[in-house]
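Each chain is listed here by its residues.
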Amino acid sequence: MQVDTIDERLALFRAMMEHAGLSPDSGIVSDEELRAAAQRCLGCRAAEECHHWMAEKSPADPVPGFCRNEDHFAQWVAETIARETAALEA
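These numbers were taken from a predicted model, which means no experiment stands behind them.

Chemist: When you look at the packing of helix α1 (residues 6–19) against helix α3 (residues 47–56) in this model, what are you seeing that I'm missing?
Modeler: The angle between the axes and the distance between the axes are what describe a pair of packed helices. It is the contact of α1 with α3, at a shortest axis distance of 11 Å, that shows an interaxial angle of 50°. In terms of orientation, α1 and α3 fall into the oblique class. Between α1 and α3 lies a crossing whose hand is left-handed. In this structure, α1 contributes Arg9, Leu12, Ala15, Met16 and His19 to the contact, and α3 contributes Ala47, Cys50, His51, Trp53 and Met54. Of the residues belonging to the contact of α1 with α3, the class tally is 7 nonpolar, 2 polar and 1 charged.

Chemist: Just checking my understanding: could you explain helix α2 (residues 31–42) for this structure?
Modeler: Working note: α-helix, 3.6 residues per turn, so residues spaced by three or four point in the same direction. Relative to the 16 Å expected for 12 residues at 1.5 Å per residue, α2 spans 16 Å between its end C-alpha atoms, a close match to the ideal helical length. Looking at the packing, one finds that the buried side of α2 touches α1 and α4 (70–89).

Chemist: Any chance you could explain the pattern of salt bridges here in plain terms?
Modeler: Should the charged atoms of two oppositely charged side chains come close, the side chains can pair. If you walk through the whole model with that rule in mind, you get 2 salt bridges. For the salt bridge of arginine 14 with glutamate 18, the shortest nitrogen-to-oxygen distance reads 3.4 Å. With arginine 14 and glutamate 18 both in helix α1 and 4 residues apart, this pair spans about one turn of that helix. For arginine 14, a relative accessible area of 34% gives the class partly exposed. Salt bridges sharing partners connect three or more residues here, namely Arg14, Glu18 and Asp25.

The rules we used
Residues numbered from 1 in each chain as written. Predicted model: local features only at pLDDT ≥ 70, side-chain atom pairs only at ≥ 80, totals over all residues. Heavy atoms only, no water. Axes fitted to C-alpha atoms, helices over the stretch in contact; angles between N-to-C directions. Helix = DSSP H or I, 4+ residues; strand = E, 2+ residues; numbered from the N terminus. Parallel < 35°, antiparallel > 145°, perpendicular 65-115°, else oblique. Left-handed = near helix turned anticlockwise from the far one by under 90°. Contact = heavy atoms within 4.5 Å. Nonpolar A, V, L, I, M, F, W, Y, C, P; charged D, E, K, R; others polar. Expected span 1.5 Å × (residues − 1). Salt bridge = Lys/Arg side-chain N within 4 Å of Asp/Glu carboxyl O. Buried < 20%, exposed > 50% of the residue type's maximum accessible area, 1.4 Å probe, protein only.

In structure tokens form, the structure reads like this:
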């Protein structure tokens, strides 16, 4: 399958974000950060690899190294965990 439309790219972006444990609608990530992450995905040259990875991944698989948003997703997950931990300790 050739991934070549904006809708297909954004679907991969949303699926990868959700796989990382994040929701674009959660409010954890600012609109500006979310747009920048989507732009990185739209400009990615690994769309085919991403599509195949998404089809074969298991729930425990980390975000793959070829993902241009790998570090951002990890940072957002860490921030989410820190916020949740702080809320439990309050």
